[in-house]
Amino acid sequence: MNLADALTDTASKVEALFDTLIPADREPVELSAAMRHALLAGGKRIRPYLCVEAYSLIAPVSDSIYLAAAAIEMVHTFSLIHDDLPALDNDDLRRGQPTVHVKFSESTAILAGDALLAMAFDVLCQPHLGTAEQRIDAVRLLATACGPAGMVGGQMDDIAYEGKPLSGDQLKHIHVRKTGALLEASVGIGLTFAGAGPEDKERLAHYAHCIGLAFQIVDDILDVTGDTATLGKPAGSDLGLDKATYPKIFGLDGARQMALSLTADAKAALSPYGEKASRLNALADYLLTRSH
Ligand code: GRG
């Protein structure tokens, strides 16, 4: 299966799980509708894919790993709902659809995000996902990735530094937490449930770290060079919020060069796995060349 088909396959499996986990008729139906709107509006499903692919390097893929992958995507979707709120980025469009606070209401968007975050941890604790120890490790990886040392901390600094000059290292420190931490946790959780040892975990953490940074650099580049229709979210929003970005600090060519070199580093970390890692290799290339 090539990368595009594999991404589509992962997407359809986690979407089927969302449909079951959050039935449209579950009370309160307005809350379920808002959660479903956010979860089922599309999205590249990169984090679930990373989780499943990391797992498959170590063990044959089982159905249960898709549930862990779905839990990760629920946290990601939560972060997007809250990130779009008027108090944060105040965006009207996400994944080509009206954002949750626009389609429903601000209070519903806050609560739908809260519900997805809580539910993600419940899903990750389901007994058939793995041993108790594996589930505790996975919960910890996810909690750390989205807590004050991860996504929330990165987001906090991102806001705090709006309109202020930032060095390349400071920008990196923001993005390693805001975007990179969840990508790294996706790989870490896949490996944890597959029973990987410390060497594999370390190697693949480096892969995830590098693609995480490259991902954010490309995101910043697309914000400058992309258009709203292709991105499915407003282009130029970083400029509007006076945010420090890689193209702003390093220029478009400098930023492209950094993303290229990080992608090469990420792929080098996969070399011990040979052909088995071909799709993770292809993912690194895709993240570099993506248009949305
Ligand atoms: C506690 C998890 C948590 C978050 C609260 C709002 C917030 C704090 C953090 C915001 C984090 C955030 C939205 C970072 C941006 C990451 C990013 C570039 C998202 C876009 O990811 P893609 O391109 O999107 O994978 P799709 O739509 O394809 O899923």
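The sections below set out a description of the structure shown in this document. Bear in mind that the values here come from a model prediction, so they are computed numbers and not experimental data. (Residues numbered from 1 in each chain as written. Predicted model: local features only at pLDDT ≥ 70, side-chain atom pairs only at ≥ 80, totals over all residues. Heavy atoms only, no water.)

1. Quick notes on the site of the ligand
Inclusion rule: One heavy atom suffices: a residue is near a molecule or strand as soon as one of its heavy atoms comes within 4 Å of it. Whenever two N or O atoms come within 3.5 Å, that pair is a polar contact, provided that in protein one can donate a hydrogen and the other can accept it, and provided that, for residues adjacent in sequence, both atoms are side-chain atoms. Using a 1.4 Å probe, the Shrake-Rupley method yields the accessible areas, and only the shown protein chains count as cover for residues. Only DSSP runs of H or I reaching four residues or more are called helices, and only runs of E reaching two or more are called strands; each is numbered from the N terminus.
Taken together, 21 residues are adjacent to the ligand, and Lys 44, Arg 47, His 76, Arg 95 and Met 151 come closest. Between the ligand and His 76, the relevant distance is 2.8 Å, taken from an oxygen atom to a side-chain nitrogen or oxygen of the residue. One nitrogen or oxygen atom from the side chain of Arg 95 is found 2.8 Å from an oxygen atom belonging to the ligand. Burial of the ligand by the protein amounts to 92% of the accessible area it has alone, namely 750 Å². Those elements that provide at least two residues to the shell around the ligand are helix 4 (64-84), helix 8 (151-160), helix 9 (168-194) and helix 10 (198-225). Broken down by element, the residue count for the shell around the ligand peaks at 7 residues, all from helix 4.

2. A closer look at the nonpolar core
Generally speaking, a soluble globular protein has its nonpolar side chains buried in company with each other. This is how the line gets drawn: Side-chain atoms within 4.5 Å are what join buried Ala, Val, Leu, Ile, Met, Phe, Trp, Tyr and Cys residues into a set we call a nonpolar core. Exposure classes here rest on a 1.4 Å probe applied to the protein chains alone. A residue is buried below 20% of its type maximum, exposed above 50%, and partly exposed in between.
Among the nonpolar cores identified, the biggest contains 47 residues, and Met 74, Leu 124, Ile 189 and Phe 193 are the most heavily contacted of them. Elements with a minimum of two residues in this core: helix 1 (3-21), helix 2 (29-39), helix 3 (46-58), helix 4, helix 6 (106-124), helix 7 (132-146) and helix 9. One finds Ala 6, Ile 217, Ile 221 and Tyr 273 within the second-largest nonpolar core, a separate group that totals 42 residues.

3. Notes on the packing of aromatic side chains
Inclusion rule: Geometry of aromatic contacts follows a simple scheme: Phe, Tyr and Trp rings, the Trp one being its six-membered ring, pair when their centres are within 6.5 Å, and the pair is stacked under 30 degrees between planes, edge-to-face over 60, tilted otherwise. Two conditions define a charge sitting above a ring: the NZ of Lys or the CZ of Arg must be within 6 Å of the ring centre, and it must be within 35 degrees of the ring normal.
In the structure shown here, the tally under the stated rule is 1 aromatic pair. Centroid distance Tyr 246 to Phe 250: 6.0 Å. Interplanar angle 20 degrees. Geometry classified as stacked. Of this pair, Tyr 246 and Phe 250 are both found in helix 13 (residues 246-269), 4 residues apart, which corresponds to roughly one turn of the helix. Residue placement shows Arg 290 over the ring face of Phe 215; its charged tip is 4.2 Å from the ring centre.

4. Observations regarding unusual backbone geometry
Most peptide bonds take the trans configuration, and most residues that are not glycine carry a negative phi. Put simply, Glu 27 and Pro 28 share a cis peptide bond, and its omega is -10 degrees. Within the secondary structure, Pro 28 is located in the loop between helix 1 and helix 2. A positive phi angle, close to 55 degrees, is found at Arg 95, a residue other than glycine. By the element assignment, Arg 95 lies in the loop between strand 1 (93-94) and strand 2 (97-98).

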